[in-house]
Amino acid sequence: MAEVLVYAQAAGNAQGLAKLITHGVGSPDAAPTAEDGAAAPPPPPPPPLVPVATSPVAATLDGTGRSGMVVMAAATDEAIRLARAHGVGIVGTTGTTTGSGAIGYYARRVATAGLFGLAASGCCPLVAPSGAATALLGTNPLAYGIPVPRCGGDEEGNRSDGDGGYDALVADIGMSAMSYWAVRAAAAKGTPLPEHVALDATGGATVDAASAAALLPFGGPDAAHKASALGVLVEWLTGPAVGATFAGLPWAATAAGGRGEGADGEGSGGGWGNLVVAASPSLLRPAADVDADTATLVATLRGGGATLPGEGGDARRADAARGGVPIEGGLWPALVEAAGGDGP
């Protein structure tokens, strides 16, 4: 989890260290006590994270209530393993009860392994899709990672082995006009929201972050239907497709839940869902040719003055690697307090 959080913090992503003080990695539980007030024995550890193969190229992973970041990291490893063995790896997860963090992290891991990566993450209802007045979809981020060769292979046209031979072109796109965590931060500071970001509990537009009951899809009045459509896609990929909850429905209302296959966050489905896809670029043509044309595409776009996906975050991470990870003014004292220390 630390690696995912620092990745986001260094890139200036709202999924960074602030999640530690807003219960974004799981709410801290009070120490359990027995009836006589004495400390109760700690709960047993969750079962191991073991992928269950559903085909030679696909698997499911039951998070059994673990953090979404832990489960997504395991799913990414399995998707990469399957893709290296079979050309494609698809891993769906269920049973997580916290967010997965900045999902571009997982798409980047796939891409730097020399594979095309796709990651999608579901959560509780936070976004009102087009035409709705209440939240029915998650913020539903979708990320892709394209492997960009650093040298393009050897003189014979053989592809790099993918171990350190690839950079990544990464886009990480949430479907809401503003991230949930950014709205939480605005509410804490008393900062008004921009127009066309949120609805209040009555379904009316609001710029008061504290009154926000549902976020709106990005794009504004004229184009929000496009983000809404993508949000429905991610809701399906991380809900019905993998066997997790969706659209705010109780687990018992889903097909698997109705058959009694587990409960939210307690194994055998339920909870929130995620999906990771890894695919070899050699599926459609020789990988060395894909690498060469990918390098040409990137060079052509840069030559035309284009800002490539993820370049801003990449630059901020590079700065952080040289000068340290920036932490905004009010966050450091809150982190120190949460850790129970006095700080510098």
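Note that the coordinates shown come from a computational prediction; the quantities given were computed from them, not determined experimentally.

Definitions and cut-offs
- Residues numbered from 1 in each chain as written.
- Predicted model: local features only at pLDDT ≥ 70, side-chain atom pairs only at ≥ 80, totals over all residues.
- Heavy atoms only, no water.
- Core = buried A, V, L, I, M, F, W, Y, C linked by side-chain atoms within 4.5 Å.
- Buried < 20%, exposed > 50% of the residue type's maximum accessible area, 1.4 Å probe, protein only.
- Helix = DSSP H or I, 4+ residues; strand = E, 2+ residues; numbered from the N terminus.
- Pairing = 2+ DSSP bridges.
- Salt bridge = Lys/Arg side-chain N within 4 Å of Asp/Glu carboxyl O.

Draft legend 1. Molecular detail of the nonpolar core. Within the largest apolar cluster, 22 residues are counted, with the highest numbers of intra-cluster contacts made by Tyr 106 and Leu 115. Mapped by element, the contributors of at least two residues to this core are β2 (58-62), α2 (68-86), α3 (104-112) and β10 (272-279). By size, the runner-up hydrophobic cluster in this structure holds 10 residues, among which are Val 127, Leu 137, Val 197 and Leu 215.

Draft legend 2. Structural view of the sheet that holds strand β7 (residues 198-199). One open sheet holds the three strands; their spatial order is β8-β7-β9, and the pairing between them is antiparallel. The open sheet has two edge strands, β8 (205-206) and β9 (214-215), and neither has a second partner. Two elements, β7 and β9, share two bridges in a ladder whose sense is antiparallel. Residue Leu 199 lies in a different strand from β9, and its bridge partner there is Ala 214.

Draft legend 3. Quick peek at unusual backbone geometry. Of note, the phi angle at Thr 64 is positive, near 45°, even though the residue is not glycine. One non-glycine residue, His 196, lies in positive phi territory at about 60°. Position of His 196 relative to the elements: it lies in the loop between α4 (180-189) and β7.

Draft legend 4. Main features of α3. Of all nine residues that make up α3, seven are buried, and the element is covered over most of its length. All of the buried residues in α3 are Gly 104, Tyr 105, Tyr 106, Ala 107, Arg 108, Val 110 and Ala 111. At the exit of α3 stands Gly 114, carrying a positive phi of roughly 85°.

Draft legend 5. Structural detail: the environment of Gly 219. Structurally, Gly 219 can be placed in the loop between β9 and α5 (220-237). Distance from Gly 219 to Val 197, taken between C-alpha atoms, is 9.5 Å for residues 22 residues apart in sequence.

Draft legend 6. Inspection of the pattern of salt bridges at higher detail. A full pass over the atoms with the stated rule returns five salt bridges. Close ionic contact of Arg 81 with Glu 78 constitutes a salt bridge, the shortest N to O distance being 2.8 Å. Of this pair, Arg 81 and Glu 78 both sit in helix α2, separated by three residues, roughly a single helical turn. Accessibility expressed as a relative area gives 46% for Arg 81, which makes it partly exposed.

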